[in-house]
Amino acid sequence: KAGVTQTPRYLIKTRGQQVTLSCSPISGHRSVSWYQQTPGQGLQFLFEYFSETQRNKGNFPGRFSGRQFSNSRSEMNVSTLELGDSALYLCASSLGAGEESGYTFGSGTRLTVV
Amino acid sequence: AQSVTQPDIHITVSEGASLELRCNYSYGATPYLFWYVQSPGQGLQLLLKYFSGDTLVQGIKGFEAEFKRSQSSFNLRKPSVHWSDAAEYFCAVTGYSTLTFGKGTMLLVSP
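Residues numbered from 1 in each chain as written. Chains lettered and ligands numbered in written order. Predicted model: local features only at pLDDT ≥ 70, side-chain atom pairs only at ≥ 80, totals over all residues. Heavy atoms only, no water.

## Some remarks on the pattern of salt bridges
By the definition in use, this model includes 9 salt bridges over all chains. The closest approach of N and O atoms between Glu75(A) and Arg73(A), which form a salt bridge, is 3.2 Å. According to the relative accessible area criterion, Arg73(A) is partly exposed, its value standing at 23%. We note a salt bridge from Arg77(B) to Glu64(B), for which the minimum N-O separation is 3.2 Å. Of this pair, Arg77(B) sits in strand S9 (residues 73-78) while Glu64(B) sits in strand S8 (residues 64-68); the two residues are 13 residues apart in sequence, bridging distant segments of the chain. With relative accessibility at 24%, the residue Arg77(B) sits in the partly exposed group. Each of Arg63(A), Glu82(A) and Asp85(A) takes part in salt bridges that share partners, so that together they form one network. (Salt bridge = Lys/Arg side-chain N within 4 Å of Asp/Glu carboxyl O. Buried < 20%, exposed > 50% of the residue type's maximum accessible area, 1.4 Å probe, protein only. Helix = DSSP H or I, 4+ residues; strand = E, 2+ residues; numbered from the N terminus.)

This is the structure:
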């Protein structure tokens, strides 16, 4: 079956702009989580959506937001980009029935802010 | 709050030698534990997971991990390393539908 699809793979944006990243989970999976990966901070949890509702949110400023659609696809948006937002953004797909259902990651979107 | 510590930032192993990557966790209840591997510029691939039951877990690519509750550890092992195993390895614990990762261990394989 198809894996987790993240688009685009690469993005270059200018400071102050906004960006939208997309994640299509594995068919049948209802939970989508987002993570930011940087060399300095490692992998940090952004937020998790289940059945179009945000269930958990990490410690990120309000410039970072997300949503989930009825087909479980999710988008995350970053407004007023800062240089420090340059990172690999990873999406994880899960059945959402509980932690034991496990998480499958996409290949990520590499965002560069200049 | 849950946390994961991977004490080794880099490890170099000769091809064919055995490997052990260390992971210690902090979690208030029975943990769900994972090991992921990441090649440069790629996403995370699940190697194995522990939820309950047998404390020795087998994964893909010949990896295994042992859960030791008394030591709060979940170390990853492989009896014979191949050059293609060079990558970064992450240990993670999950709770409340979120994953908390360690800082990762970069594995270098020497010929």
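On we go from here.
## So, the packing of aromatic side chains
Per the stated rule, a full pass over the model turns up 17 aromatic pairs over all chains. Consider the rings of Tyr32(B) and Phe51(B), whose centres lie 5.0 Å apart with planes at 80°: the pair is edge-to-face. Of the two residues, Tyr32(B) is situated in strand S5 (residues 32-38) and Phe51(B) in the loop between strand S6 (45-50) and strand S7 (56-58); the sequence distance between them amounts to 19 residues. For Tyr32(B), a relative accessible area of 22% corresponds to the partly exposed category. Its relative accessible area of 16% is what places Phe51(B) among the buried residues. An aromatic cluster of at least three residues, connected via ring pairs, comprises Tyr35(A), Phe45(A), Tyr103(A), Phe105(A), Tyr32(B), Phe34(B), Tyr36(B), Phe51(B), Phe90(B) and Phe101(B). (Phe/Tyr/Trp six-rings, centres within 6.5 Å; stacked < 30°, edge-to-face > 60°.)

## Things to note about the interface of chain B and chain A
Opposite the 19 residues of chain B that make contact, chain A presents 21 residues. Taken together, the two surfaces of chain B and chain A that pack against each other cover about 1,700 Å², and 54% of this comes from carbon and sulfur. Its largest share of buried area at the contact with chain A, chain B owes to Leu44(B), Ser97(B) and Leu99(B), together 28% of the area lost on that side. Where chain B touches chain A, the interface holds 0 salt bridges. (Contact = heavy atoms within 4.5 Å. Buried area = accessible area lost by both parts, 1.4 Å probe.)

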